[in-house]
Amino acid sequence: MPRRLHLNLFIHSRGHHEASWRSPLSSPLPLTDIGYYQDVARRAEAALFDSIFFADQLALGGDVAQAARTWLEPITVLAALAVSTSRIGLIATASTTYTEPFNLARQFASIDHISNGRAAWNIVTSWLAAAAGNFGGEAQVSHADRYARGEEFMSVVKALWDSWAADAVLDDRAAGRYARGDRIRPIDHRGDFYRVAGPLNLPRCPQGRPVLVQAGSSDTGRRFAARHAEAVFTAHMAKETAQQFYADLKRLAAEEGRDPAHVLILPGLSPMIAGTEAEAQRLARETNELTDPEVGRKRLSNRFGGHDFSQLPLDRPLSPGDFPPPDTVEAARSRTEVILNLVRRDRPTLRQLLGYLAGARGHFVTAGTPEQIADLIADWFADGAADGFNVMPPLLPAQLDAFAGEVIPILQRRGLFRTAYDGVTLREHYGLPLPASRFDSPDPTRRAAADG
Ligand SMILES: Cc1cc2nc3c(=O)[nH]c(=O)nc-3n(C[C@H](O)[C@H](O)[C@H](O)COP(=O)(O)O)c2cc1C
């Protein structure tokens, strides 16, 4: 079968552009109105996207006075969208640092049942320093400790999802037998961070377990992704770094004994689309003019773990010395590298850098015609940079409509993208196998490999 392109829609605010919430072209609905998310999800499903995705942070941004920093809790949103859509995959972010594995395993198993096998979890360790203050912590858990805890968290949730065999429920009214006790097992996990008896208190979910998504790109983050992720979100400002990341992650997945084709790599792409390139650039410029440099400065500071950029002048070319070294940053380390690479390459002023980051926070931003966007997608897909894209429309829903109405038909005509859903579950859309159940594998070493 020819390789298939995968498209995820990343739904964020009224669009990914920092000033989207102020744009006359974005949705007039409040960001707390589920009707807004239902509307966008239905548009994405009509356009045949594989999935939609919601990010999450566990603290309010310090710039809420000048920036729309509110959203609904993502797993709750998935529950609503599971019943207002029928085919599209549903991905929510949840943190291994600030949740308990038992709660999280239940929540995602429930969403998988409610949606008939369309749930996915974006596994994050939470990079935002302020989150610690909301969970009893004095200081942020370090980058290394977050990933160590995340590893153990993964073995617990996988064991919980696997604690029921697929045939455990009999629901036999006549015989009075609801379940086969021997097909439900405790997990008895005792580790450094967690003690969990199990089993889970609901049956195995339709996909065996939700699809696992990950988005950390530091060295530790890549190894974690290679062990666990079935889809990987990543931010790149150039095709070359996306190619390096792609090759590296596929190699690491193979080293972990996994089929690299079962680790989909989806870089972010934020395209401003219009009938002509000049019109698309005008739209991008007009949206940029609505940004507030002080919001950008605070966001940059958050990315660098609270580093103070308040003294940096807006209009002098930057150098790497203006930033703390990435390996000292306890926040989103890989994104700091993306930003420093741009500074080394282009020597932008702070104003220019903030303008670029306003587009989509360090993901690939471009403005062009539908043909140009389709060409870029086809090129990255063919050239070892992507298995598909995490599409991040700068303005919602207007730029989603442009992508769905103008770019997707070109990709379909070129035979790159589906013309109808041919499955129901997200695993089917992504071309991923069902995870093997521990109950069906007599050999314990094979059980470990099946853990994926
Ligand atoms: C597309 C994308 C979405 C992300 N969404 C979240 C999110 O919702 N919450 C979060 O805390 N981190 C999010 N991240 C950050 C990563 O999951 C990761 O925590 C961060 O990059 C730090 O890990 P690293 O240093 O290994 O890259 C996202 C990253 C990308 C590329």
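To keep things clear, this report deals only with the structure shown in the data block. All values reported here derive from a predicted model rather than from experimental measurement.

Reading guide: rules and limits
- Residues numbered from 1 in each chain as written.
- Predicted model: local features only at pLDDT ≥ 70, side-chain atom pairs only at ≥ 80, totals over all residues.
- Heavy atoms only, no water.
- Helix = DSSP H or I, 4+ residues; strand = E, 2+ residues; numbered from the N terminus.
- Phe/Tyr/Trp six-rings, centres within 6.5 Å; stacked < 30°, edge-to-face > 60°.
- Buried < 20%, exposed > 50% of the residue type's maximum accessible area, 1.4 Å probe, protein only.
- Lys NZ or Arg CZ within 6 Å of the ring centre and 35° of its normal.
- Salt bridge = Lys/Arg side-chain N within 4 Å of Asp/Glu carboxyl O.
- Core = buried A, V, L, I, M, F, W, Y, C linked by side-chain atoms within 4.5 Å.
- Contact = heavy atoms within 4.5 Å.
- Near = heavy atom within 4 Å.
- Polar contact = N/O pair within 3.5 Å; in protein donor to acceptor, adjacent residues only side chain to side chain.
- Areas by Shrake-Rupley, 256 points an atom, 1.4 Å probe, with all protein chains shown as cover.
- Nonpolar A, V, L, I, M, F, W, Y, C, P; charged D, E, K, R; others polar.

### So, the environment of Gln352
Assignment of secondary structure puts Gln352 in helix H10 (residues 350-360). Taking the C-alpha atoms as reference points, Gln352 and Asp39, separated by 313 residues in sequence, lie 34 Å from one another.

### Remarks on the packing of aromatic side chains
Counted by the stated rule, this structure contains 17 aromatic pairs. Judged by centre distance (4.7 Å) and plane angle (25 degrees), the ring pair of Tyr98 and Phe135 falls under stacked. Of this pair, Tyr98 sits in the loop between strand E3 (89-95) and helix H3 (101-114) while Phe135 sits in the loop between strand E4 (119-124) and helix H4 (143-161), and the two are 37 residues apart along the sequence. When its relative accessible area of 13% is taken as the criterion, Tyr98 is described as buried. Members of the aromatic cluster, each reached through a chain of ring pairs, are Phe108, Trp121, Phe153, Trp161, Phe193 and Tyr194. Over the aromatic face of Phe381 sits the side chain of Arg3, whose NZ or CZ is 3.9 Å from the ring centroid.

### Things to note about the pattern of salt bridges
Counting across every chain of the model gives 28 salt bridges. Taken together, the shared-partner salt bridges connect Arg222, Asp248, Arg251 and Glu255 into one network.

### Points about the nonpolar core
Counting 77 residues, the largest nonpolar core has Leu7, Phe49, Ile52, Trp121, Trp161 and Phe403 as its most contacted members. If we skip the residues at most four places from it in the chain, Phe49 touches Leu7, Asn8, Leu9, Ala44, Ile88, Val391, Leu400, Phe403, Ile408, Phe417, Arg418 and Tyr421. One finds Met237, Leu312, Leu350 and Leu357 within the second-largest nonpolar core, a separate group that totals 18 residues.

### Quick notes on the site of the ligand
Neighbouring the ligand are 25 residues, the closest being Asp56, His143, Tyr147, Ser218 and Ser334. Here an oxygen atom of the ligand and a backbone polar atom of Asp56 are 2.7 Å apart. Contact distances for the ligand include 3.4 Å between an oxygen atom and a side-chain N or O atom of Thr93. The fraction of the free accessible surface of the ligand (610 Å²) that becomes covered by protein chains is 97%. Looking at the shell around the ligand element by element, the count peaks at three residues for helix H9 (residues 333-346). Residues that form the shell around the ligand fall into these classes: nine nonpolar, 13 polar and three charged.

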